[in-house]
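# Structural description and commentary
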Amino acid sequence: MVVRRSVAVPLLLDGSQLLDYLKLERIYRLAKKVVVEYLVQSYNGRSAGCFRVWHEVKETVRRLGLPSAYAQQAVKDAVETYNAWATAGERPPEIRKVSPYTDEMAWRLDSATALSIRLMSGRHIAELWPHKRFWL
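Residues numbered from 1 in each chain as written. Predicted model: local features only at pLDDT ≥ 70, side-chain atom pairs only at ≥ 80, totals over all residues. Heavy atoms only, no water.

## What about the overall build of the chain?
A tally of helices and strands in the chain yields three helices and four strands. When the helices and strands of the chain are listed from N to C terminus, the series reads β-α-α-α-β-β-β. Going through the 136 residues of the chain one by one, you find that 32% of them count as buried. The long-range fraction of contacts in the chain, counting pairs at least 24 apart against all pairs at least 6 apart in sequence, stands at 65%. (Helix = DSSP H or I, 4+ residues; strand = E, 2+ residues; numbered from the N terminus. Buried < 20%, exposed > 50% of the residue type's maximum accessible area, 1.4 Å probe, protein only. Contact = heavy atoms within 4.5 Å.)

## Side note on the pairing of strand β4 (residues 122-128)
As judged from the two bridges shared by strand β1 (residues 11-12) and β4, these two strands associate in the antiparallel manner. Across the sheet, Leu-12 pairs through a bridge with Glu-127, a residue of β4. Between the end of strand β3 (residues 114-119) and the start of β4, which pair antiparallel, lie two residues. (Pairing = 2+ DSSP bridges.)

## Let's talk about the packing of aromatic side chains
Per the stated rule, a full pass over the model turns up one aromatic pair. On the basis of an interplanar angle of 50 degrees and a centroid distance of 5.5 Å, the ring pair of Tyr-82 and Trp-85 is categorised as tilted. In this pair, Tyr-82 and Trp-85 are both assigned in helix α3 (residues 68-88), three residues apart and thus about one turn of the helix distant. Of the two residues, Tyr-82 and Trp-85, neither departs from the other in class, the shared state being buried. (Phe/Tyr/Trp six-rings, centres within 6.5 Å; stacked < 30°, edge-to-face > 60°.)

Written as structure tokens, this is what we have:
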């Protein structure tokens, strides 16, 4: 049995990295919003599968200029949001805050206290600011 633990660790980004991340976050939010609006109009409350939806909206999402790993995650995130709304059946979902999800292709460990992350303009090394629980 493998025990895993997740810890939220702040990244230390310099000015250009922060601007690049904020641009990524803005486009990720837009991509998620576009996909959710498409699902609300096209699926009318029926649940949606991520694989099928990706093939329906991939060209629209790719035109936004998001790196492919983030584009796929934005679609998955939008499908989860839509399916939760379709189950609950209240008013259509609004996309306010997002946290760009990433897969193994978008980030990698650079050292014990640094990550190499893929942002809009390429890879950046971002220093971690670990809490004491990070080392336990």
